[in-house]
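One letter stands for each residue in the lines below.
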Amino acid sequence: MLRYIGKRLIQMIPILMVVAILIFTLMYFVPGDPVKIILGNDATPVEVEKVRDELGLNDSYLVQLTDYLKNLVQLNFGDSFFSGLPVRDELMNRFPYTLMLTFCCITCSVIFGVPIGISCALRADKLADRIWMFITLLWSSMPGFWLALLLVLLFSRQLGWLPSIGIGGPEYFILPVLSNSLGSLAGIARQTRASMLEVIRADFISTAKSKGISRREVIWKHALPNALIPIITIIGGGFGMMLGGATITESIFSIPGIGLYMMNGINNRDYPVVRGCILYIAFMFAIIMLITDLVYAFVDPRIKAKYVRAKKKPAKAEPERSEVTC
Amino acid sequence: MKNETTNNELLLSVQDLEVDYSSGGSTVCAVNGVSFDLHQGESLGLVGETGAGKTTIAKSIMQILPDHATKRVAGEIFFKNQDLMQMKEKELQNIRGSQISMVFQDPMTALNPVMTVGEQIAEGIRHHQHLDKAHAKQAAIKMLETVGISRDRIDEYPHQFSGGMKQRVVIAIALACNPELLIADEPTTALDVTIQAQVLDLIKELRRQKGTSLILITHDLGVVADTCDKVAVVYAGEIVEIGSLEEVFDHPSHPYTKGLFGAIPDMYKDVARLSPIDGLPPNPTELPEGCYFADRCPHATEECRARHCQLEHITGTHYVRCLKTEQEG
């Protein structure tokens, strides 16, 4: 298993390299000049040229790319054109906010989404199931930013119960988490329902029932563990997405997370910031996918057997046991 | 339909069982008025072709018909003089697995793939005998050895077992709490011939030791001859012929039963072609008014198609549902 994890981590290096080169090239050719944004419209051409030279923007594509990759290998993402602060430090400072937001959203989606999905599967095509399926369809098709604006209008402007921007106590997180998690909650609920519906019709559920164990045990001990794989896939995907910064949610609620940082970077053509953020997102996504794959193995012994087989088989040299006849 | 040949107590009595499924808007009449008795220690073979309703009968006795598809269940199922149909779910849970248990058709899908076989066997034991985890595991190990699997495989998962061994595990689960009635739903259909014989021997041996009653569902007449005391032939959701093994095998009386025996090739003759029963069973969504077998029966008359007849007594415990025997008798 450790060997497998090591292999996957090493595989991540070329992937991240390719992402780095792609994003660098893309930003190089994208129209717009950061220097004009820094100096404003009144700047003289001489001033602009001076700053371009300072930032190394007048070098050729290849020279810039090599410089960038050289720094990257030393884990140096460069400094922001605007604040002059190292991008790496800024990412580190902002990461806790994004992590916090993501964690709350995913927890919220899972603890509500999975039970809703299960209870809908058990009442498939009854009224309660249809109502919930309608609600979740609505949630998953509502754009997050629109929902966020509606929530702000209702809870901050009209009722004045909750703050609408910034960070502070836990109450500042309620609206962002709500607007960011309803969509993934709905997705998880619908996936759980579909996957449970398939499993509860399987033969081994009849076997479990015929042992005389309670309905609750049949559902939680036999059905759910077998329905988990697609649910985990969806949770993992959502986790990776959100860790990359809920760009829109963070912008609306002014949460100083990675998403907002990247948003500002893009608007200002702040190349090092954008590159740093994209690389960070790619890295997080790869890590979450690795964790998802490991969770699969934990949930399903058949998948685990695939990972450990290569290591275990030679050690188990004993002859194959033949079937014992009676 | 009393069985006079045995003095044992009546264990199970199914009366006028009817089950309808709903399927895509139409009603499927899967079981249409099935009645039979089973005494302690007896073994009954339910024979019939695919789709005749055998598994539905078994699941009705277990009361585990699928909720989502079952439209209507009627009739009475007395187990030790208690009607299972009227029982609450909690009471049923105490009977399932401990007094009545079931072996399912396909061992490949009958075991939970993410649970060790040990846990799966121990689960029922823990539930019914109120043992702690360690003792239940000991009991599970004993059960595993009883069905001929070595004890060091207790912590393995179903995917590490072959088909025949999986079926042994399924049997171990079913017999873990010494049930009084075992329902085996085509326990050998998914297995190859040598393993079939092993599994049947295993069931017979365990039955001999523990005196368990058996309902064996199969479409293999050879298996019935080998294992059962009584035979019920099921066609289109109803019993068309029932009697002791000798009565049915020596004097098959319903044209369908005769057809089944006729379809078995004679080992001592050089048979170039098998002789199947022509046609297909009636569509269970629109059963005919008269005899369900009339369209395939070589002796069918207008009267057969007009009137649905009852099971008629012939000799001893032998009953047949056919107008011809009704008139002859």
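Now for a look at the structure at hand.

### Comments concerning the overall build of chain B
When helices and strands are tallied, chain B shows 12 helices and 12 strands. Relative to a compact globule of 329 residues, whose C-alpha radius of gyration would be 20 Å, chain B shows 21 Å and is just as compact. Here the C-alpha coordinates of chain B stretch approximately 65 × 50 × 45 Å along the principal axes. When burial is assessed residue by residue, chain B has 54% of its 329 residues classed as buried. Long-range contacts, defined here as pairs at least 24 residues apart, represent 64% of the contacts in chain B between residues at least 6 apart. Surface accessibility of chain B: about 14,800 Å² in total, with carbon and sulfur atoms responsible for 49%. The average position of the 30 basic charges and that of the 46 acidic charges among the side chains of chain B differ by 5 Å.

### Points about the packing of aromatic side chains
This model, assessed by the stated rule, comprises 12 aromatic pairs over all chains. Plain terms: the ring middles of Tyr28(A) and Tyr61(A) are 5.1 Å apart, the flat faces sit at 65° to each other, and that makes the pair edge-to-face. You can see Tyr28(A) sitting in helix H1 (residues 2–29) and its partner Tyr61(A) sitting in helix H4 (residues 61–73), a full 33 residues away along the chain. Taking the relative accessible area as the measure of exposure, Tyr61(A) reaches 24% and is therefore partly exposed. Sitting above the plane of the Tyr68(A) ring, Arg275(A) keeps its charged end 4.8 Å from the centroid. Arg153(B) extends its terminal NZ or CZ atom over the ring of Phe161(B), reaching a point 4.5 Å from the ring centre.

### Brief notes about the interface of chain B and chain A
Listed by partner, the interface residues are 39 residues for chain B and 27 residues for chain A. Taken together, the connections running from chain B to chain A amount to three salt bridges. Between Glu123(B) and Lys211(A) there is a salt bridge, and its shortest N-O distance comes to 2.8 Å. In this structure, the connection of chain B to chain A is made through 12 residue pairs in polar contact (both at pLDDT 80 or more).

### Focus on the side chain of Thr192(A)
All names here are of chain A. When you line up the elements, Thr-192 lands in helix H8 (residues 171–199). We classify Thr-192 as buried; its relative accessible area is 0%. With residues up to four places along the chain from it excluded, the contact list for Thr-192 reads Gly-113, Val-114, Gly-117, Ile-118 and Ile-231.

### Topic: the packing of helix H6 (residues 163–175) of chain B against helix H7 (residues 193–210) of chain B
All names here are of chain B. The N-to-C vectors of H6 and H7 enclose an angle of 15°; their axes lie 10 Å apart at closest approach. Of the possible angle classes, the one that applies to H6 and H7 is roughly parallel. Crossing angle aside, the handedness with which H6 passes H7 is right-handed. Only Ile-195, Gln-198, Val-199, Leu-202, Ile-203 and Leu-206 of H7 make contact with H6, whose side of the interface consists of Gly-164, Gln-167, Arg-168, Ile-171 and Leu-175.

### Concerning a nonpolar patch on the surface
Residues and elements named next belong to chain A. Together, Phe-145, Trp-146, Leu-149, Leu-150, Leu-153 and Ile-248 make up an exposed nonpolar region whose accessible area comes to about 560 Å². When residues in the nonpolar patch are grouped by element, the largest group, five residues, is from helix H7 (residues 144–158). Assignment of secondary structure puts Leu-153 in helix H7. Taking the relative accessible area as the measure of exposure, Leu-153 reaches 47% and is therefore partly exposed.

### So, the nonpolar core
Residues Leu12(B), Phe36(B), Ile61(B), Ile121(B), Ile183(B) and Ile215(B) are the most contacted members of the largest nonpolar core, which totals 97 residues. For this core, the leading source of residues is H6(B), giving eight residues. Not counting residues up to four positions away in its chain, the partners in contact with Ile61(B) are Leu12(B), Val14(B), Phe36(B), Ile77(B), Leu84(B), Ile100(B), Ile183(B) and Ile215(B). One finds Val114(A), Leu147(A), Phe204(A) and Leu224(A) within the second-largest nonpolar core, a separate group that totals 37 residues.

### Looking at empty space enclosed by the protein
Residues and elements named next belong to chain B. Enumeration over the complete set of coordinates arrives at four cavities of 30 Å³ or more. In this structure, the largest cavity spans a volume of roughly 90 Å³. Contributing to the lining of the largest cavity are 15 residues, with Cys-291, Cys-304, Arg-321, Cys-322 and Leu-323 lying nearest its centre. When grouped by side-chain class, the residues that make up the lining of the largest cavity number 10 nonpolar, two polar and three charged.

### Examining the sheet that holds strand E4 (residues 70–79) of chain B
Residues and elements named next belong to chain B. Spatial strand order, E2-E1-E4-E5: four strands in an open sheet with antiparallel pairing. Strands at the two margins of the open sheet, each flanked by one partner only, are strand E2 (26–39) and strand E5 (82–83). Note that strand E1 (residues 10–23) and E2 share 11 bridges and pair antiparallel. Bridging across to E2, Asp-20 finds its partner in Cys-29.

### Some thoughts on unusual backbone geometry
All names here are of chain B. One non-glycine residue, Asp-16, adopts positive backbone phi at about 50°. One can find Asp-16 in strand E1. Among the residues examined, Asp-16 registers a relative accessible area of 47% and is labelled partly exposed. Its identity as a non-glycine residue notwithstanding, Asn-81 has a phi of 65°, on the positive side. Note that Asn-81 resides in the loop between E4 and E5. For Asn-81, a relative accessible area of 68% puts it in the exposed group.

### Section: the pairing of E4(B)
Residues and elements named next belong to chain B. For E1 and E4, the ladder comprises eight bridges, and the chain directions are antiparallel. Across the sheet, Ser-13 pairs through a bridge with Phe-78, a residue of E4. Turn length for the E4-E5 hairpin, with the two strands adjacent in sequence and antiparallel, is two residues, and the turn residue Lys-80 shows positive phi of about 50°.

Criteria and cut-off values
Residues numbered from 1 in each chain as written. Chains lettered and ligands numbered in written order. Predicted model: local features only at pLDDT ≥ 70, side-chain atom pairs only at ≥ 80, totals over all residues. Heavy atoms only, no water. Helix = DSSP H or I, 4+ residues; strand = E, 2+ residues; numbered from the N terminus. Rg over C-alpha atoms; globule rule 2.2 N^0.38 Å. Buried < 20%, exposed > 50% of the residue type's maximum accessible area, 1.4 Å probe, protein only. Contact = heavy atoms within 4.5 Å. Areas by Shrake-Rupley, 256 points an atom, 1.4 Å probe, with all protein chains shown as cover. Lys, Arg positive; Asp, Glu negative; His and termini not counted. Charge placed at Lys NZ, Arg CZ, Asp CG, Glu CD. Phe/Tyr/Trp six-rings, centres within 6.5 Å; stacked < 30°, edge-to-face > 60°. Lys NZ or Arg CZ within 6 Å of the ring centre and 35° of its normal. Salt bridge = Lys/Arg side-chain N within 4 Å of Asp/Glu carboxyl O. Polar contact = N/O pair within 3.5 Å; in protein donor to acceptor, adjacent residues only side chain to side chain. Axes fitted to C-alpha atoms, helices over the stretch in contact; angles between N-to-C directions. Parallel < 35°, antiparallel > 145°, perpendicular 65-115°, else oblique. Left-handed = near helix turned anticlockwise from the far one by under 90°. Patch = residues over 30% accessible without salt bridge, like charges linked within 9 Å, V, L, I, M, F, W, Y side chains within 5 Å. Core = buried A, V, L, I, M, F, W, Y, C linked by side-chain atoms within 4.5 Å. 1 Å grid on protein atoms, 1.4 Å probe; cavity = no way out; pocket = protein on both sides within 12 Å on 5 of 7 lines; lining within 4 Å. Points joined across faces, edges and corners; volume = space filled by probe spheres on them. Nonpolar A, V, L, I, M, F, W, Y, C, P; charged D, E, K, R; others polar. Pairing = 2+ DSSP bridges.

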